[in-house]
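The residues making up each chain are set out below.
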Amino acid sequence: TRSAIARGATRVFSPRAFLVALVLAAAGMFLGGSIPLLSSIPLVGNLMGLVGVFVGTFVYGLFSPPRYVETAVAGGLVAGVSFLLNFLLLTVVGIGIPLVALAALGGGVAGVLGHYFGRDLRTGLTKQL
């Protein structure tokens, strides 16, 4: 019965899929947040990082089976940690905690939407007319 429970848990949340989504979301956050002209503006660079999470999970959606839970958790984790590190002083004081929570929520939504649109594009390209 343990192996049946482990198989059922892997169907809901796959650690391997989560790691791939985490790496792609982190790469997207890094590349999106490091655009030279936009990264110097305080909040715009971070918002571009969320666009990067969308693009990273979009690429993941092009090549993977449906893994929405993993991409939501990966996107939320990457965005939350990024905003936490960028606004560390505000977070320590307590003002930045809602900002970090909002960023994590936005990262999760960006991850799910990116994965959805990536899978949708793949379906549209591979479906017979």
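To keep things clear, this report deals only with the structure shown in the data block. (Residues numbered from 1 in each chain as written. Predicted model: local features only at pLDDT ≥ 70, side-chain atom pairs only at ≥ 80, totals over all residues. Heavy atoms only, no water.)

### Brief notes about a nonpolar patch on the surface
At step 1: Together, Tyr68, Leu102, Leu105, Val109, Leu113, Tyr116 and Phe117 line one region of the surface with nonpolar side chains, adding up to about 660 Å² of accessible area.
At step 2: Sorting elements by how many residues they give to the nonpolar patch places helix H7 (residues 97-126) first, with 6 residues.
At step 3: Given a relative accessible area of 56%, leucine 102 falls into the exposed group. (Patch = residues over 30% accessible without salt bridge, like charges linked within 9 Å, V, L, I, M, F, W, Y side chains within 5 Å. Areas by Shrake-Rupley, 256 points an atom, 1.4 Å probe, with all protein chains shown as cover. Salt bridge = Lys/Arg side-chain N within 4 Å of Asp/Glu carboxyl O. Helix = DSSP H or I, 4+ residues; strand = E, 2+ residues; numbered from the N terminus. Buried < 20%, exposed > 50% of the residue type's maximum accessible area, 1.4 Å probe, protein only.)

### A short note on the side chain of threonine 91
At step 1: You can see threonine 91 is positioned in helix H6 (residues 88-93).
At step 2: By relative accessible area, which is 14% here, threonine 91 ends up buried.
At step 3: Among the polar contacts listed, one links the side chain of threonine 91 to the backbone oxygen of phenylalanine 87, at a separation of 2.7 Å.
At step 4: Aside from chain neighbours lying at most four places away, what touches threonine 91 is Leu84, Gly96, Ile97 and Val100. (Polar contact = N/O pair within 3.5 Å; in protein donor to acceptor, adjacent residues only side chain to side chain. Contact = heavy atoms within 4.5 Å.)

### Describing helix H5 (residues 68-86)
At step 1: Between its first and last C-alpha, H5 extends 27 Å over 19 residues, near the 27 Å set by a 1.5 Å rise per residue.
At step 2: Burial in H5 covers these residues: Glu70, Thr71, Ala74, Gly75, Gly76, Val78, Ala79, Gly80, Ser82 and Phe83. (Expected span 1.5 Å × (residues − 1).)

### Looking at the nonpolar core
At step 1: One finds Ala25, Met29, Leu50, Val53, Val78, Ala79 and Ala110 forming the largest nonpolar core, which totals 7 residues.
At step 2: Put simply, the parts of the chain that give this core at least two residues each are helix H2 (15-33), helix H4 (44-63) and H5.
At step 3: Residue contacts for leucine 50: discarding those within four places in its chain leaves Met29, Ala79, Ala103, Gly106, Gly107 and Ala110.
At step 4: Ranked by size, the runner-up nonpolar core spans 5 residues in total, among them Ala17, Phe18, Ala21 and Tyr60. (Core = buried A, V, L, I, M, F, W, Y, C linked by side-chain atoms within 4.5 Å.)

### Here's the deal with the packing of H2 against H4
At step 1: Viewed as axis vectors pointing N to C, H2 and H4 meet at an angle of 140°, and their least axial separation amounts to 6 Å. Relative to H4, H2 is oriented oblique. In the packing of H2 onto H4, the handedness of the crossing is right-handed. Along its contact with H2, which presents Ala17, Val20, Ala21, Leu24, Ala25, Gly28, Met29, Gly32 and Gly33, the element H4 presents Gly45, Met48, Gly49, Leu50, Gly52, Val53, Gly56, Thr57 and Tyr60. (Axes fitted to C-alpha atoms, helices over the stretch in contact; angles between N-to-C directions. Parallel < 35°, antiparallel > 145°, perpendicular 65-115°, else oblique. Left-handed = near helix turned anticlockwise from the far one by under 90°.)

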